[in-house]
Each structure stands twice: as C-alpha cells, then as structure tokens.
Amino acid sequence: MINEPQRLQYLEAMGLTAWTARYRLPGAAETPACDWPEEASAPAQAPQARLQALLQEPVPRREVPEATPGAPNEPAPRGMTEPGPGRAKALLGEAPQAPAAKPSEAQAQTPPAESTSAVEPRQALRFSVQLMALEGRWLLLLPEAPDAAQQRLLNNLGRAAGLPLAAPALQRFDWPLMEGLPVEAPLEEAREGLKAFIAGRGWRPERLLAFGLSPELDQVLAIDGEQSEGLGLPAWQGPSLAELAGDAEAKRALWPRLFALGRDWADDGDA
C-alpha cells in the first residue's frame, strides 16, 4: 500500500494533475487536515524524466534471515523484499528483471550520461469567445459579444437564411480558466479546454459557424477551407459582424453563401 503523498508524487511524475476541491460541498464530510512534512524543492524536470527516476528508484533492502539446516523453509516475514529495479514498477505489479551481469573491468564502458533539461514555463494562449448551439446541431462562434446593432444584424441574417440566430443564448468562454497554472503546450491545452467547455454544455455540434476570428482563435480553430482542424468539425467562416455592419458590399457578397448555408440547415433537419 502507498500513502497519499507517494500517490500524488507518482501522479505528478506521470504528468497527471491531481485536483483538489476548493470548497466543501453541502453534506460532504470534512477533509481531515494533515501536517505533511515539507521537502526541499528540487529543480523542475520534465514529466518523462520524473517518471523515469521513479521507475529506477531501488526497493529498500531488507535483511532476510538465513535458513537453518534441517528446518522447513518458512516464508519470509511480511514486508521483507529483495532489491528490485524500481519501487514504481513493483507497485504497478510489474515483475522485476534480473540485473545484467557486470562486465569485467577491461570491458567495462561508461554509458553516455543522459541530459534532461527542465521544462521552461510558457505563456498560455489567451482568448475569449461567444458560443451558441443552434438547436444542438450547429455551433455559432463570435470572437466578441455583439452590441445592439450587431445583434439586430445577426437576427436579420438568420431570418433571411432561415437560421435560428435570434435566440439570445450566447455563452462566454475565457481561456485560460485559471491564472498561474503551468503551461507546457499552449495551443493543445487551449483546444482541449474549448472542447471540454462545449462537451460540458451537452452540445454535440455537427458543424461550426464563425463570424470573424481573432488571431488567437484562428490558431485554436485552424480552419482550412471548410474544415476546422482544431475542433474536428466542418466549418463555415464569414466576415465579422462589425465588418458587415459597416460595409454594404461585404453584406451583398455574403448573401449567396448565407442562402446556401440556409439550404444546408434545412436539408440536415429533414435528414
């Protein structure tokens, strides 16, 4: 059995984050307060390097009493173990392997030292987005909350194309969710955070509609042609509402694409 500090140490070495509730839920038992001994802080290492160190950590050596001649072989006392390749492998149920034969002094060679560089902290990708699920089928995305004039324009566009864009059900998503958390892969973490937000609302979108994109959102969604590589959805992208509100030519150029989008919406609903 391993105790709680050891469990958290193995999870950290594997690159897994252990979450702790900030507030106690109503009716939940109070968490016992424990005074864990403080350990000296070690230089930051990559999760792979920490996991490798744990796997190579030797099992504590315990003395096993010698067998008495003529006496029956008795099992070793509980807790006495032979040295093994690593404590983590033993806890995971992995059978230890016999150590390799030591080469002679003449043939001994010193293996090259492996250098593990510490993970440098990186900046999180910052963006905000307004989202709305159209009858649970299509996902509408705006880079910012529309003002009154832009909302009227969005309603008129939806009415003309036969799309339900008039419902004031936009929800805001900000990334990062919390400040001060370590960041290793800014783009991948931002995409996973957005996907988790969409899934947490119970939405299962089949298509993405986007009116304008910020540079950060452009990276996250990675829309190439008619496909969003970031979300793995078919995508349709139009000008921003701010551009459409101030440019009549942009609105005229949008009508054919918008009407085609309305036909796709009707066909998907009939399917």
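Everything below is about the structure printed above this text.
All figures in this text were calculated on a predicted structure; none of them were measured in a lab.

Draft legend 1. Summary view of a nonpolar patch on the surface. Residues Trp19, Leu177, Met178 and Leu181 make up a contiguous nonpolar surface patch of roughly 480 Å² in combined accessible area. Mapped onto the fold, leucine 177 is located in the loop between β3 (171–175) and α5 (186–200).

Draft legend 2. The environment of leucine 241, seen in detail. Its location among the elements puts leucine 241 in helix α7 (residues 241–246). Residues leucine 241 and proline 143, spaced 98 residues apart in sequence, show a C-alpha to C-alpha distance of 9.7 Å. Apart from residues lying up to four places away in sequence, leucine 241 is in contact with Leu142, Pro146, Gln150, Leu153, Leu154, Leu157 and Phe211.

Draft legend 3. Quick look at unusual backbone geometry. Geometrically, the link from tryptophan 175 to proline 176 is a cis peptide bond, its omega value of 10° lying close to zero. Along the chain, the position of proline 176 falls in the loop between β3 and α5. In this structure, glutamate 135 is a non-glycine residue whose phi angle is positive, near 55°. You can see glutamate 135 is positioned in the loop between β1 (127–134) and β2 (138–142). With a phi close to 50°, alanine 222 is a non-glycine residue in the positive phi region. Here alanine 222 shows up in the loop between α6 (215–221) and β5 (223–224). For alanine 222, a relative accessible area of 21% translates into the label partly exposed.

The rules behind the values
- Residues numbered from 1 in each chain as written.
- Predicted model: local features only at pLDDT ≥ 70, side-chain atom pairs only at ≥ 80, totals over all residues.
- Heavy atoms only, no water.
- Patch = residues over 30% accessible without salt bridge, like charges linked within 9 Å, V, L, I, M, F, W, Y side chains within 5 Å.
- Areas by Shrake-Rupley, 256 points an atom, 1.4 Å probe, with all protein chains shown as cover.
- Salt bridge = Lys/Arg side-chain N within 4 Å of Asp/Glu carboxyl O.
- Helix = DSSP H or I, 4+ residues; strand = E, 2+ residues; numbered from the N terminus.
- Contact = heavy atoms within 4.5 Å.
- Buried < 20%, exposed > 50% of the residue type's maximum accessible area, 1.4 Å probe, protein only.

Coordinates in, geometry out; function isn't part of it.
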